[in-house]
Amino acid sequence: MSKLSPIESEFATSEDAEAHDAWFRAKVQVALASTKAGLPHDQVMAEARHLIESKRDAAARLAS
């Protein structure tokens, strides 16, 4: 098990990094093979804007 520097990697060991990479690649393959309809770009962006605004509002309430 080779240790990795936190400056170079978010993982503690090369084995952890390889395991994450394998997991991520599997998730991408499943997504690429999916026949499920995707979401329209405008819908995704509207949901993202709403999430950002709600988090910003919550942070502002905590700060005041």
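Our subject is the structure that appears above.
Here the structure is a predicted model, which means the values were calculated and not measured. (Residues numbered from 1 in each chain as written. Predicted model: local features only at pLDDT ≥ 70, side-chain atom pairs only at ≥ 80, totals over all residues. Heavy atoms only, no water.)

A.B. asks: Whenever I open this one, the overall build of the protein chain confuses me. Can you help?
C.D. replies: On a plain count of helices and strands, the protein chain comes out with 2 helices and 0 strands. Relative to the globule expectation of 11 Å for 64 residues, the C-alpha radius of gyration of the protein chain, 19 Å, shows a markedly less compact shape. With the C-alpha coordinates aligned to their principal axes, the bounding extent of the protein chain is approximately 45 × 40 × 15 Å. Looking at the 64 residues of the protein chain, the share that counts as buried comes to 5%. For the protein chain, the exposed surface amounts to about 5,900 Å²; the carbon and sulfur share of it is 61%. Mean positive and mean negative side-chain charge positions of the protein chain (8 and 10 charges, respectively) differ by 8 Å. (Helix = DSSP H or I, 4+ residues; strand = E, 2+ residues; numbered from the N terminus. Rg over C-alpha atoms; globule rule 2.2 N^0.38 Å. Buried < 20%, exposed > 50% of the residue type's maximum accessible area, 1.4 Å probe, protein only. Areas by Shrake-Rupley, 256 points an atom, 1.4 Å probe, with all protein chains shown as cover. Lys, Arg positive; Asp, Glu negative; His and termini not counted. Charge placed at Lys NZ, Arg CZ, Asp CG, Glu CD.)

A.B. asks: I keep staring at the environment of Met1 and nothing clicks. Help me out?
C.D. replies: Examined against the element boundaries, Met1 turns out to sit in the segment before helix 1 (14–33). Its relative accessible area of 76% is what places Met1 among the exposed residues. Here the alpha-carbon distance between Met1 and Gln43, two residues 42 residues apart in the chain, equals 44 Å. Here Met1 is in contact with Thr13 and Glu15, once residues within four sequence places are set aside. (Contact = heavy atoms within 4.5 Å.)

A.B. asks: Which parts of the structure should I look at to understand the side chain of Thr13?
C.D. replies: Position of Thr13 relative to the elements: it lies in the segment before helix 1. The exposure class of Thr13 is buried, given its relative accessible area of 5%. If we ignore the near neighbours within four places in the chain, the residues touching Thr13 are Met1, Ser2, Lys3 and Leu4.

A.B. asks: I would appreciate a short explanation of the environment of Pro40 in the present structure.
C.D. replies: Turning to its location among the elements, Pro40 is positioned in the loop between helix 1 and helix 2 (41–63). We classify Pro40 as partly exposed; its relative accessible area is 47%. Taking the C-alpha atoms as reference, Pro40 lies 42 Å from Lys3; in sequence the two are 37 residues apart.

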